[in-house]
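# Close look at the chain arrangement
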Amino acid sequence: MDFRHHGQDIGSKLVRHCLQQCPGLGIRVLLAIIIDGNDASIALLEKFGFQQWGYLPEVVKYEGELRGQQIMGKRLNNP
């Protein structure tokens, strides 16, 4: 994996941009599906108010092992 772009606030900028676009698009709920063990992505989403809404155990084979997936969601206060 190439980690040269980690720690440059790119993920936060992308999530912030997506959240800013939601009102104009009429989006009221956002969902993200994250592979277990991706703690950086989970922490990023939690920073923006996402919460774990569900869990799918051992549904994906990643790097040779079965892993679960977290379903993270956020309700937006858009009319």
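All of the points below concern the structure found in this document. Per chain, residue numbering runs from 1 following the sequence as it is written. Totals for whole chains, interfaces and linings use all residues, but because this is a predicted model, local features are given only for residues with pLDDT of at least 70 and pairs of side-chain atoms are given and counted only at 80 or more. Remark: hydrogens and water are excluded; side-chain values derive from all non-hydrogen atoms of the structure.

## Digging into the pairing of strand S1 (residues 29–35)
Side-chain alternation along S1 places Leu30, Ala32 and Ile34 on a buried face and Val29, Leu31, Ile33 and Ile35 on a face that remains uncovered. In the sheet, S1 pairs with strand S3 (residues 65–75) via seven bridges, with the strands oriented antiparallel. In the strand pairing of S3, Val29 is matched with Arg75. For each residue, the accessible area found with a 1.4 Å probe, counting protein chains only, is set against the maximum for its type, and the residue is called buried under 20%, exposed over 50%, and partly exposed in between. Only DSSP runs of H or I reaching four residues or more are called helices, and only runs of E reaching two or more are called strands; each is numbered from the N terminus. In this description, strands pair whenever DSSP reports at least two bridges between them.

## A look at the packing of helix H1 (residues 10–25) against helix H2 (residues 39–47)
Orientation of H1 relative to H2, taken along the N-to-C sense of each, is 45°, at an axis distance of 10 Å. When the axes of H1 and H2 are compared, the pair comes out oblique. The two elements H1 and H2 cross, and the hand of that crossing is right-handed. Between H1, through Gly11, Ser12 and Val15, and H2, the contact on the second element is made entirely by Leu44, Leu45 and Lys47. Of the residues that constitute the contact of H1 with H2, the class distribution is three nonpolar, two polar and one charged. For helices, the axis comes from a line fit to the C-alpha atoms of the stretch in contact; other axes are also lines fit to C-alpha atoms, and the angle between any two N-to-C directions lies between 0 and 180 degrees. For classification purposes, angles smaller than 35 degrees are called roughly parallel, those larger than 145 roughly antiparallel, those between 65 and 115 roughly perpendicular, and all remaining angles oblique. By the definition used in this description, the sense in which the near helix is turned from the far one sets the handedness, with an anticlockwise turn below a right angle giving left-handed and a clockwise turn giving right-handed. Contacts are assigned to residue pairs with any non-hydrogen atoms lying within 4.5 Å of each other. Gly falls in the polar group here, along with every residue not listed as nonpolar (Ala, Val, Leu, Ile, Met, Phe, Trp, Tyr, Cys, Pro) or charged (Asp, Glu, Lys, Arg).

So yeah, pure geometry; function would need other evidence.
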